[in-house]
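One letter stands for each residue in the lines below.
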Amino acid sequence: MASPPLVICLGNVVADHTFRVEDVPAPPAKIAARSYSIGPGGMAANAAIAAVRLGGRAAFWGRVGDDMNGEPLAAALEAEGVDVTGLRRVPGGRTPVGAVLVDPRGERTIVSFRGSGLGTDAAWLPLERIRQAGALCCDPRWPEGVAAAAAAAREAGVPVVLDGERSETRILVDLVPRVDHAIFSVPGLANFLPGRGPEEGLRQALASGPVKVAAVTQGEKGVLWMAAGDDKPTRTPAFDVLATNTTGAGDVFHGAYALAVAEGMDTPRAMRFAAAAGALRARDGATPTRAMVEEMMAG
Ligand SMILES: Nc1ncnc2c1ncn2[C@@H]1O[C@H](COP(=O)(O)OP(=O)(O)OP(=O)(O)O)[C@@H](O)[C@H]1O
Ligand SMILES: [Mg+2]
């Protein structure tokens, strides 16, 4: 039997400290948490974990520091079944860390430290492995890494998915034309094309390069997407769930979408598959399995 397709996820991995709280009061405040957990977060890292849970294979390419958080994060990703041989421990670097406050409605407040001393160098990336992949899924936190890997992917004919998340305009404008699927968050699309509506943003993304699909995920409103050549956008509605923790729903959406692309699903089906995975993540605060997603899609 052929092995499942490989999704290479490149970008951010974060040590997420999650506190469940009754409320997030205005400062000055001292808040007692109802519960606490620590685990891997970050867009590309969550996407990699999702690709594995959903039945694919995944590799994570990125950087951590050689501080207290770096090694445990590598171990945690590996425990999830993600190949971490492309995760570099940068000497003297500081690993990205997040403090996530989740209220009873599942809404979250995040303090994030994006890391430091990780540099920009991408020359060490094992680009020769790209041809083994069915898809490359990138977030915008390491643009030099995306540029290098996306170029290698294009040469190898491997489709590239970008998580167009909140970022500087110049970074998104530079990265979008390098990818095949530009899947934005609401703030990310506003950063890409400031002051315009979502439809204009999607059209702009498609016009900016050989982009095949542009989309914006809109939480419980689902996802609005447009393929090259379409005259108007299509909405894939969200699945109706009771959200308890929406953290990472977008990341899981991207991992699922990249796996769907790697498996050769057409765009409407890939959007539905990813929307089901995102909804289950928002419902449970945990990344779903393939069986759970298929059950949800079957209704
Ligand atoms: N409350 C919800 N109910 C149903 N589906 C949801 C919900 N939240 C997210 N989803 C699904 O997951 C997709 C991605 O979520 P969302 O748009 O919130 O991502 P995001 O803004 O990138 O957030 P983040 O990356 O912080 O998780 C949505 O398009 C939707 O299909
Ligand atoms: Mg997101």
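Please refer to the structure placed before this passage.
Reading the values: rules and limits
- Residues numbered from 1 in each chain as written.
- Chains lettered and ligands numbered in written order.
- Predicted model: local features only at pLDDT ≥ 70, side-chain atom pairs only at ≥ 80, totals over all residues.
- Heavy atoms only, no water.
- Near = heavy atom within 4 Å.
- Polar contact = N/O pair within 3.5 Å; in protein donor to acceptor, adjacent residues only side chain to side chain.
- Areas by Shrake-Rupley, 256 points an atom, 1.4 Å probe, with all protein chains shown as cover.
- Helix = DSSP H or I, 4+ residues; strand = E, 2+ residues; numbered from the N terminus.
- Nonpolar A, V, L, I, M, F, W, Y, C, P; charged D, E, K, R; others polar.
- Pairing = 2+ DSSP bridges.
- Axes fitted to C-alpha atoms, helices over the stretch in contact; angles between N-to-C directions.
- Contact = heavy atoms within 4.5 Å.
- Phe/Tyr/Trp six-rings, centres within 6.5 Å; stacked < 30°, edge-to-face > 60°.
- Buried < 20%, exposed > 50% of the residue type's maximum accessible area, 1.4 Å probe, protein only.
- Lys NZ or Arg CZ within 6 Å of the ring centre and 35° of its normal.

1. Observations regarding the site of ligand 1
Lining the immediate environment of ligand 1, one finds 22 residues, of which Arg-108, Thr-217, Gly-219, Ala-249 and Gly-250 sit closest. Within the contact set of ligand 1, an oxygen atom lies 2.2 Å away from a side-chain nitrogen or oxygen of Arg-108. Within the backbone of Thr-246, a nitrogen or oxygen atom sits 3.4 Å from an oxygen atom of ligand 1. Expressed as a share of its isolated accessible area of 620 Å², the protein-covered part of ligand 1 is 89%. Residue assignment for the shell around ligand 1 shows that the elements contributing at least two residues are helix 7 (249-262) and helix 8 (267-284). Tallied by class, residues from the shell around ligand 1 come to 9 nonpolar, 9 polar and 4 charged.

2. Thoughts on the sheet that holds strand 3 (residues 35-41)
Note: strands within a sheet are paired through backbone hydrogen bonds, in either parallel or antiparallel orientation. The 4 strands lie next to each other as 3-2-6-7, forming an open sheet whose pairing is mixed. Of all the strands in the sheet, the pair left with one neighbour each is strand 3 and strand 7 (108-113). Pairwise comparison of adjacent strand axes, ignoring direction, gives a mean angle of 20° for this sheet. In this sheet, strand 7 lies alongside strand 6 (residues 97-102) in antiparallel orientation, the contact comprising 6 bridges. Across the sheet, the residue bridging to Leu-101 is Thr-109, located in strand 7. Helix-sheet contacts for helix 2 (residues 70-79) involve strand 2 (14-20) and strand 3, and the interaxial angle to strand 3 is about 80°.

3. What to know about the packing of aromatic side chains
Within this structure, the stated rule accounts for 4 aromatic pairs. Relative to Tyr-36, the ring of Phe-19 lies with its centre 5.1 Å away and its plane at 50°, an arrangement referred to as tilted. Of this pair, Phe-19 sits in strand 2 while Tyr-36 is found in strand 3, placing the two residues 17 residues apart along the sequence. Using a relative accessible area of 45% as the deciding quantity, one classes Tyr-36 as partly exposed. Consider the rings of Phe-253 and Tyr-257, whose centres lie 6.4 Å apart with planes at 5°: the pair is stacked. Of this pair, Phe-253 and Tyr-257 both sit in helix 7, 4 residues apart, roughly one helical turn. Among the residues examined, Phe-253 registers a relative accessible area of 5% and is labelled buried. The ring of Trp-142 carries Arg-63 above its face, with NZ or CZ at 4.2 Å from the centroid.

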